[in-house]
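Each chain, letter by letter, is given below.
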Amino acid sequence: MIFMIYGLIETFNENLLLLVLLVFGIASAAGGVPPMLERKRRRSIENTLPSLLESLSDSVGAGRGIQEAMMEQSRTLPGVLGQLLKETLEESHSSSFDAALAAFAAKTRSSQVQRVMVLIETAIEQDAPLQGILSDLAMDYERLNDLMNKREEELLGKGILIVLFISIGLPVLIAFIVGLFTPANKGFQIDSFNVTFSLFFGAASAIAIGVSGRMLGRFKDALWWMPGWVALSMGLYLGAVIMIGG
Amino acid sequence: MRKLDEQREVLYVIRTLDVLMSSGVGLEAAIHTIGSGGYGIISEDFSGIMTRLQKGSSRGLGSELKSMMNKAGSEGYRRLLNTMYTNVTQNTDIIETIRKQGARMENERSESVTKYIEELGSVPETLLSIGMIGPIILAIAGLIPQLMSGEMGAFMKLPPTATINIVVNVGLALTLFGMFMIGLKAHTKDPGL
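To start, this report covers the structure provided alongside it. Computed from a predicted model, the values in this text were never measured in an experiment.

1. Thoughts on helix 7 (residues 130-181) of chain A
Two residues of an α-helix separated by three or four positions point the same way, owing to the 3.6 residues in each turn.
Move 1: For helix 7 of chain A, built from 52 residues, the straight-helix expectation of 76 Å at 1.5 Å per residue is met to within 8% by its first-to-last C-alpha distance of 74 Å.
Move 2: Maximum bend of helix 7 of chain A: about 40°, positioned at Leu155(A).

Below, the structure written as structure tokens:
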């Protein structure tokens, strides 16, 4: 079995593009993990944002100052957002409240939070009615997050389906047909055919990853995984042809 | 690309204008605040307006807003600029109008996301149909010279192998192009969340 695997890998020695893509794919897959973790963290913060704004609106409506209300919320708010708010407000004793808001927005690394903080800052500067603004913002961002979550839920399965079928299912299926009807051990000369089709599967796989990433609104993050999937697709086809056809 | 950026930012700009102007900030100061950054392409546009106004190289805020309306790619942004232009020329109640616009735009955004999800529902099936049927047929076509060689070749006269290879290669390229065009729908119809 081990010799068979070694033999299979040995046959890829002549395919420079596949080897380069394989190495590049493994390296870039490591680069693909941080954006995924960052996105998970950011979405968790953004999903908690409306409840924070709503609570702040209630507290301000009850007569508390925004700084006091934020302090109170930082103690009760669960998750990363509460933790960051608590940290920032504790660190802000030596600076101004505006600086604390800016630091908090920067720490979250979320454009939603940054926008909200800028608006709160402006509203404080202009002495605007905070309760109404916070309540409106809570509703706005709740609706926005609902839409983003809906898109994620409904399109994730479809995106995975495209990638699995195009990058794995299709090369294996064609390799099965080719290996079965024109086995190399019976003298069929299909080297150039295999090169053409392996390149096609690589390109098709790249398109599938791109489409799937764009459907979910994270095309740039998907690019990290592209070389790996392209190499997998090409390798699967060439490997399956050799395994079936000999 | 510009249209997509505008669609993504315009609702945030409307909300900011609402907060700023409800707090008593004037339209020009609000444009200056948004132009200072944070709202993508709209910030760039507003920053350009302010720069030209400060340099004195424009015919006033009204004409700047009007020329920006021609540049706008999305309907929502054009409507917002039109509201601002009307406020400058006719002193209308801009706060009330942009609030209504914001509510309307939010409904439109919800509808467009639902529509986007529905439209993309058929993408996997179409992509898989073209992406799988094409290569299967072309693989068999490409293998015909091998399969029909020797005694089998006497039953049927085949075109030269080079011709078959060209047909297969062109077919594969067309399949990729078809897949790309179907996938492009995911980009062009993006509601810009």
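2. As for the interface of chain A and chain B
Move 1: Chain A puts 43 residues into the contact, and the matching count from chain B is 47 residues.
Move 2: Across the pair Glu9(B) and Arg115(A) runs a salt bridge, and its minimum N-O distance is 2.2 Å.
Move 3: Here chain A and chain B share six residue pairs in polar contact (both at pLDDT 80 or more) between them.
Move 4: Of all the elements in the fold, those that place two or more residues in the side of chain A that touches chain B are helix 6 (111-125), helix 7 and helix 8 (191-215) of chain A.
Move 5: Here the element with the most residues in the side of chain A that touches chain B is helix 7 of chain A; it accounts for 23 residues.

3. Let's talk about the nonpolar core
Move 1: Counting 64 residues, the largest nonpolar core has Leu53(A), Met117(A), Leu17(B), Phe46(B), Leu81(B) and Met84(B) as the members making the most contacts within it.
Move 2: Broken down by element, the residue count for this core peaks at nine residues, all from helix 1 (residues 2-22) of chain B.
Move 3: Sequence-distant contacts of Leu53(A), that is, excluding residues within four places in its chain, are made with Val116(A), Ile120(A), Leu134(A), Leu137(A), Ala138(A) and Tyr141(A).
Move 4: Ile166(A), Ala231(A), Val241(A) and Met132(B) belong to the second-largest nonpolar core, a separate cluster that totals 52 residues.

4. Structural notes on the pattern of salt bridges
Move 1: Enumeration over the complete set of coordinates arrives at 23 salt bridges over all chains.
Move 2: Where Arg15(B) meets Asp140(A), a salt bridge forms, and the shortest distance between an N and an O atom there is 2.4 Å. Residue Arg15(B) is located in helix 1, and its partner Asp140(A) is located in helix 7; the two belong to separate chains.
Move 3: Judged by relative accessible area, Asp140(A) falls into the buried class, the value being 10%.

Conventions we followed
Residues numbered from 1 in each chain as written. Chains lettered and ligands numbered in written order. Predicted model: local features only at pLDDT ≥ 70, side-chain atom pairs only at ≥ 80, totals over all residues. Heavy atoms only, no water. Helix = DSSP H or I, 4+ residues; strand = E, 2+ residues; numbered from the N terminus. Expected span 1.5 Å × (residues − 1). Bend = angle between axes of the 7 residues up to and from the residue. Contact = heavy atoms within 4.5 Å. Salt bridge = Lys/Arg side-chain N within 4 Å of Asp/Glu carboxyl O. Polar contact = N/O pair within 3.5 Å; in protein donor to acceptor, adjacent residues only side chain to side chain. Core = buried A, V, L, I, M, F, W, Y, C linked by side-chain atoms within 4.5 Å. Buried < 20%, exposed > 50% of the residue type's maximum accessible area, 1.4 Å probe, protein only.

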